[in-house]
Amino acid sequence: MEQSVLIPRGRETLSGMLYQPDGEIRCGMVMCAPLFEERKSSHRVMVDAARTFAANGCAVLRFDYCGCGDSTGDFKNYSCPDWREDITCAARFMNGQTGMNRLGLLGLRLGASLAFEAARMNESFDFTVLWEPIIHGRRYFDYELRRKLIREMVTFGQSRVTRETLLKDLKDGQPIDLDGYAVTSRLFHDITTIDLIKAAAQGPRKVLLVHIAPSGAVPRELSALKEAGLDGGAHVDLISTEEDPFWNLVGLVECPSLIEKTKGWINLLTSNTGQPLNT
Amino acid sequence: MEYPIHFKVNGQALYGIVHEPEPDRAGPLVVFLHGWAGSRLGPHRMFVHMARRLTTRGCVCLRFDFRGRGDSGGTTTDASIRSMIADATAALDFLLPQYPERQVILLAICSGCKVAIGAAATDARVGGLALWSPEPMGPMRNTSSKNRKSLDAMRTYGRKLLRLETWRKLLTFRVNVKMVKKAVGAREVAGQGEISDETLWLNQLHNFKGRMLCIHGTNDPETAASKAGYKSLCSRLGIPQEVHEITGANHSFYGLDWERKVIDLTDTWMVSM
Amino acid sequence: MTEEKIEDRLKRMIASRLFLKIAPEAIEDNKSLMDDYGVDSVSLLELVVGIEEEFGIVIPDEEFSIKHFATVAALAAFVGSKMTAE
């Protein structure tokens, strides 16, 4: 069963979709979306994943952060700490709806980074699945700035700004226009200070890291994140799936391997405890 | 107030959001129609921003995801402009009984505009069309348009992306090959049958008795053909048309200033309806 | 051993990195990357990153010009000029 939900969040309301298994609920999961155009491109894969997990006994809540998607609020007024709090709020809501008091998080790209931090700060999350997490926010932000330059190039024949001028504006406290999204210097600071490897020692305790690429080796930094988690005493699995980076594509994309491997890991986690993740 | 809704088409649930004004405010009922690869949010949440503005004017707004898109049921490979028109009609069937006596406006972007035209041509309830970056339809299409992706590119692009089951269905002709070609791309690409459909809808638009707003970006490669085509169409059919160009804007108005201008112009036009 | 031409390295990279499942050698030097091979602003970013990694060059922001990305031939000339400069 799937239904639209509204989640009270202080003065704001978060919009979401709740997917509940028809039979026994073996676990629960909150899905954390990426930002900007990646949210749009990845939408359908996230829906497919939620439906698959729910059919497999895992209740899933997908939701929009404050100022994003259908949720209330203005994007420019929010940043990473607020969105981490949104994740916690969504989890509380899910607990109320399903009775599951132990839940997992699944995040994609920046959503994975937010999920990581939310789980790091709140030990009640039982597992954390990170699909191609943004490990170093500075590099990701640089990538997004380049995306803007390229879009300008396609629109005007030439890019009209440089990363240097955009960064200067941000450092001067001026917001920039990232292709229709108002990025404030606060958001810039919060994204660019993301460093999951530094935080991994006190990170979430049961983690699945997923590298998603059509080919090639696992990037060094993802392996380093795994090692940092293991050094901190966490249970960390790292897998690869040969799928295209769907968060960066437009049009129909299906990721059966990614969804099946993630489902398998969650099943294993559930069966290892011998009982649903609600104790 | 905003609240989630769903309605069914051929057994599939379509999800949306209704934006309701303060009580006793009596503006039009505006249904938002997203583009081929989009969702009810619109590009960079443009539909959300527009709907919230229009609600302050007393409009009731519905934003929903077409079948196979966004949160809605159905598969992307089964979608077509025809199915999207059916979805739009179903949206009106769902909403109008709750908000009777309101003028119906369809607000659309990109290929959603084709849906709007098709719906307006065949549904007498439609009283206005607000079209953002409308794409050339039927005889308006320019075969040398630089923006059309080659079917070859899309075929090879799609081969990797679809799961084996989908390809099995393709090979046994249980999936319309043209639909798959369309579905895998960012932009809908028409086969000859669809161009015929589009031509028919344009010809049937004499049934539409309302007004049309068209907003184009000057850096949208389709603007020249589209502007000329819709101007000629409205002139031929006697449809009052208002046209605006946003200087520098691309097809989906990827900029805060462009978005703001589109919203302001649409707001002003809506007030005049 | 003949050094691989820049065009051929580009074609190999374009085919794999942009998920075009045509053989690299089937990509023609002077056909429009955007009109004929469906490269858009989203996949262009992958191309830029791929070029920098493959050829060890940096594309300065000021040089993001569509003319350099129009065709494989144009791209090869641009990449060649950057390699020579560096």
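Computed from a prediction, not measured in an experiment: that's the story for all the values here.

Asker: Would you mind showing me how to read the overall build of chain B here?
Answerer: Regarding its fold elements, chain B presents nine helices and eight strands. Within chain B, the fraction of its 273 residues that count as buried is 52%. Pairs at least 24 residues apart make up 71% of the contacts formed inside chain B by residues separated by at least 6 positions.

Asker: Would you mind showing me how to read the sheet that holds strand β3 (residues 29-33) of chain B here?
Answerer: Whether parallel or antiparallel, the strands of a sheet pair through hydrogen bonds between backbone atoms. Residue and element names in this part refer to chain B. Spatially, β1-β2-β4-β3-β5-β6-β7-β8 is the arrangement adopted by the eight strands of the open sheet, whose pairing is mixed. Since the sheet does not close on itself, it has two edges, and those belong to β1 (2-9) and β8 (241-246), each with one partner. Here the average twist between neighbouring strands, direction ignored, is 20 degrees. Bridging between β3 and strand β4 (residues 60-64) involves four bridges; their strand directions are parallel. By the bridge assignment, Leu-29 is partnered in β4 with Val-60. Lying on the sheet, helix α3 (residues 112-122) is in contact with β3, β5 (104-109) and β6 (126-132); it crosses β5 at an angle near 150 degrees.

Asker: Looking at this structure, how should I read the sheet that holds strand β6 (residues 125-131) of chain A?
Answerer: Residues and elements named next belong to chain A. Judged by pairing direction, the sheet is mixed, and its eight strands sit side by side in the order β1-β2-β4-β3-β5-β6-β9-β10 without closing on themselves. The sheet terminates laterally at β1 (2-9) and β10 (235-242), the two strands that pair on one side only. On average, adjacent strands in this sheet sit at an angle of 20 degrees to one another, irrespective of strand direction. As paired elements, strand β2 (residues 12-19) and strand β4 (residues 58-63) share four bridges and run antiparallel to each other. If you follow Gly-16 over to β4, its bridge partner there is Phe-63. The sheet contacts of helix α1 (residues 36-55) involve β2, β3 (27-32), β4 and β5 (103-108), and relative to β4 the element is tilted by about 155 degrees. On top of the sheet, helix α8 (residues 220-231) reaches β9 (206-213) and β10; it is set at about 160 degrees to β10, its chief contact.

Asker: I tried to follow the interface of chain A and chain B on my own but got confused; where do I start?
Answerer: Buried accessible area, meaning the area lost when the parts come together, often serves as the stated size of an interface. Contact with chain A, which involves 25 residues of that partner, is made by 28 residues of chain B. The set of elements that each furnish at least two residues to the side of chain A that touches chain B consists of β1, β2, α1, α4 (137-156) and β8 (181-183) of chain A. By residue number, the principal contributor to the side of chain A that touches chain B is α1 of chain A, which donates four residues. Among the residues making up the side of chain A that touches chain B, the classes are represented as ten nonpolar, seven polar and eight charged.

Asker: What's the story with the packing of α3 of chain B against helix α7 (residues 192-204) of chain B in this structure? I'm lost.
Answerer: Packed helix pairs are characterised by how far apart their axes lie and by the angle those axes make with each other. All names here are of chain B. One can describe the packing of α3 onto α7 by two numbers: an axis separation of 8 Å at closest approach and a directional angle of 50 degrees. With respect to α7, the axis of α3 lies oblique. Classified by chirality, the crossing of α7 by α3 is left-handed. Residue-level contacts link Lys-114, Ile-117, Gly-118, Ala-121 and Thr-122 of α3 to Glu-198, Trp-201, Leu-202 and Gln-204 of α7.

Asker: Can you help me understand α3 of chain B in this one?
Answerer: Side chains that are three or four residues apart share a direction in an α-helix, a result of its 3.6 residues per turn. All names here are of chain B. Among the eleven residues of α3, nine are classified as buried, and the element is accordingly described as predominantly covered. All of the buried residues in α3 are Gly-112, Cys-113, Lys-114, Val-115, Ala-116, Ile-117, Gly-118, Ala-119 and Ala-120. Residues of α3 that are buried sit in contact with β3, α2 (81-95), β5, β6 and α7.

Asker: I'm lost on the confidence of the model for chain C in this one. Help?
Answerer: A low pLDDT score tells you not to read the predicted coordinates there in detail. Residues and elements named next belong to chain C. Per-residue confidence for chain C averages 86 on the pLDDT scale, and 92% of its residues sit at or above 70. Mean pLDDT across the secondary structure elements of chain C bottoms out at helix α3 (residues 41-55), with 85, and peaks at helix α4 (residues 72-85), with 91. Our summary of model confidence lists the complex with pTM equal to 0.90 and ipTM equal to 0.94.

Asker: Looking at this model, I keep getting lost on the pairing of β6 of chain B. Mind explaining?
Answerer: One face of the sheet, then the other: side chains in a regular strand alternate in exactly this way. Residues and elements named next belong to chain B. Of all the seven residues making up β6, six are buried; the element is thus mostly covered by neighbouring parts of the structure. Pairing of β5 with β6, which is carried by six bridges, proceeds in the parallel orientation. Across the sheet, Leu-106 pairs through a bridge with Leu-129, a residue of β6. Relative to strand β7 (residues 211-217), β6 is paired through five bridges, and the arrangement is parallel. Bridge pairing in β7 links Gly-128 to Arg-211.

Asker: How do you make sense of helix α3 (residues 110-121) of chain A when you look at a structure like this?
Answerer: Residue and element names in this part refer to chain A. Taking 1.5 Å of rise per residue, the twelve residues of α3 would be expected to cover 16 Å, and the 17 Å separating its terminal C-alpha atoms lies within 8% of that figure. Buried residues of α3: Leu-110, Gly-111, Ala-112, Ser-113, Leu-114, Ala-115, Phe-116, Glu-117, Ala-118 and Ala-119, and no others. Taken together, the buried residues of α3 touch β3, α2 (80-98), β5, β6, α4 and α7 (196-199).

Asker: Looking at this model, I keep getting lost on unusual backbone geometry. Mind explaining?
Answerer: Backbone geometry follows two general trends: most residues other than glycine have a negative phi, and most peptide bonds adopt the trans configuration. Unusually for a residue other than glycine, Phe-36 of chain A sits at a positive phi of about 55 degrees. You can see Phe-36 of chain A is positioned in helix α1. For Phe-253 of chain B, which is not glycine, the phi torsion reads 55 degrees and is therefore positive. Relative to the helices and strands, Phe-253 of chain B is located in the loop between β8 and α9 (256-272).

Asker: Explain the nonpolar core here, please?
Answerer: Generally speaking, nonpolar side chains in soluble globular proteins are found buried as a group. With 180 residues, the main nonpolar core has Val-30, Ala-90 and Ala-115 of chain A together with Leu-106 and Ala-116 of chain B as its most contacted residues. Setting aside residues no more than four positions away along its own chain, Ala-115 of chain A makes contact with Cys-32, Ile-87, Leu-105, Leu-106, Gly-107, Thr-128 and Leu-130 of chain A.

Cut-offs used in this document
For every chain, the first residue of the written sequence is number 1, and numbering continues from 1 onward in sequence order. A letter from A marks each chain and a number from 1 marks each ligand, given out in the order of writing. Only residues with pLDDT of 70 or above have their local features reported here, since the model is predicted, and side-chain atom pairs are shown and tallied only from 80 upward, although totals for entire chains, interfaces and linings are computed over all residues. Helix and strand assignments come from DSSP, with helices taken as H or I runs of at least 4 residues and strands as E runs of at least 2, each series counted from the N terminus. Counting other C-beta atoms within 10 Å of its own, a residue is labelled buried from 20 upward, exposed at 12 or fewer, and partly exposed in the gap between, with every C-beta atom placed from the backbone. Our contact criterion uses C-beta atoms placed from the backbone: two residues qualify when those atoms are within 7 Å. Should DSSP find at least two bridges between two strands, the strands are taken to pair. Each axis is a line fitted through C-alpha atoms, and for a helix only the stretch in contact is used; angles between axes span 0 to 180 degrees, taken between their N-to-C directions. Only Asp, Glu, Lys and Arg are considered charged, only Ala, Val, Leu, Ile, Met, Phe, Trp, Tyr, Cys and Pro nonpolar, and every remaining residue, Gly among them, polar. For classification, angles of less than 35 degrees are called roughly parallel, those exceeding 145 degrees roughly antiparallel, those between 65 and 115 degrees roughly perpendicular, and all remaining angles oblique. Less than a right angle of anticlockwise turn of the near helix away from the far helix marks a crossing as left-handed, whereas a clockwise turn marks it as right-handed. Residue-level confidence of the predictor is summarised by pLDDT, bounded by 0 at the bottom and 100 at the top. The span you would expect from a helix comes to 1.5 Å times its residue count less one. In this description, a nonpolar core means buried residues of the types Ala, Val, Leu, Ile, Met, Phe, Trp, Tyr and Cys, linked to one another by C-beta atoms lying within 7 Å.

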